[in-house]
Amino acid sequence: QKEVEQDPGPLSVPEGAIVSLNCTYSNSAFQYFMWYRQYSRKGPELLMYTYSSGNKEDGRFTAQVDKSSKYISLFIRDSQPSDSATYLCAMTNRGSTLGRLYFGRGTQLTVWP
Amino acid sequence: GAVVSQHPSRVICKSGTSVKIECRSLDFQATTMFWYRQFPKKSLMLMATSNEGSKATYEQGVEKDKFLINHASLTLSTLTVTSAHPEDSSFYICSARAPGQGTDTQYFGPGTRLTVL
């Protein structure tokens, strides 16, 4: 079993839709959770950073962490065509070697006008 | 803040030659940098972790003699692909830990697309 599981999609939604992306993980020691957005042929861009359980909101983006279920989510409200990208979840624990991140395989999202 | 650059963005080389890729943290000092490889429509594969002033730590299955990593300063790490072969063609991405901005976050460079003919 991989440490981080993420449905690769592809996911296709109309503009204005609410998008829900999620990841599950197996290592209960993970404490730090991140979402990255990667446009085609570009490096990943940090979107959200969350420590432990709870919600975090930033504009149209909301990250949720449920450590009891080992489940994290990213919600995108009022989705825009510019949100079309691959979204990668990543996580780590404080004791991880030199801050190594464990990534999901990414979900490809297309928002059509 | 927390900008990471990579150079070159794209390189094409002949089989058997060596290629050097630079990764720079532009506005912060990065004691730790990471090198990843990414295949089309696949996630990031960690190749090695690079610490300033010490030898890199390579992931299992990554040939350290083929992928030479040097982290000579707090703002620069280099990856040299030696004796490149067509199977080394890939998208190489570096990242750097940004202290004081979430100790476990990494900021990524824009990537380098390597094509070996």
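Calculation notes
- Residues numbered from 1 in each chain as written.
- Chains lettered and ligands numbered in written order.
- Predicted model: local features only at pLDDT ≥ 70, side-chain atom pairs only at ≥ 80, totals over all residues.
- Heavy atoms only, no water.
- Buried < 20%, exposed > 50% of the residue type's maximum accessible area, 1.4 Å probe, protein only.
- Helix = DSSP H or I, 4+ residues; strand = E, 2+ residues; numbered from the N terminus.
- Pairing = 2+ DSSP bridges.
- Disulfide = S-S within 2.5 Å.

Engineer: What exactly am I supposed to notice about the pairing of strand 11 (residues 112-116) of chain B here?
Structural biologist: It is a general feature of regular strands that their side chains alternate between the two faces of the sheet. All names here are of chain B. Only one face of strand 11 is covered, namely the face carrying T112, L114 and V116; the face carrying R113 and T115 is uncovered. The pairing of strand 2 (residues 10-13) with strand 11 spans four bridges and is parallel. Bridge assignment links C13 to a residue of strand 11, and that residue is V116. Sheet topology note: the strand 9 (residues 90-97)/strand 11 ladder contains three bridges and is antiparallel.

Engineer: Explanation requested: the state of the cysteines in the structure shown.
Structural biologist: By definition, a disulfide links two cysteine residues through a covalent bond between their sulfur atoms. Under the criterion given, the structure shown has two disulfides over all chains. What pairs with C23(A) in a disulfide is C89(A), and their sulfur atoms sit 2.0 Å apart. In this structure the cystine formed by C23(A) and C89(A) twists about its S-S bond by roughly -105°; its chirality is therefore left-handed. Of the two residues, C23(A) is situated in strand 3 (residues 19-25) and C89(A) in strand 9 (residues 85-92); the sequence distance between them amounts to 66 residues. Comparing C23(A) with C89(A) shows no difference in burial state: the two are buried. Put simply, C23(B) and C94(B) are joined by a disulfide, and their sulfur atoms are 2.0 Å apart. Taking the sign of the S-S torsion, 80° for the link of C23(B) and C94(B), the bridge is right-handed. Of this pair, C23(B) sits in strand 3 (residues 19-25) while C94(B) sits in strand 9, and the two are 71 residues apart along the sequence. Both residues of the pair, C23(B) and C94(B), count as buried. C13(B) carries a free sulfur, and the closest cysteine sulfur to it, the one in C94(B), is 18 Å from it.

All we've got here are geometric facts, nothing functional implied.
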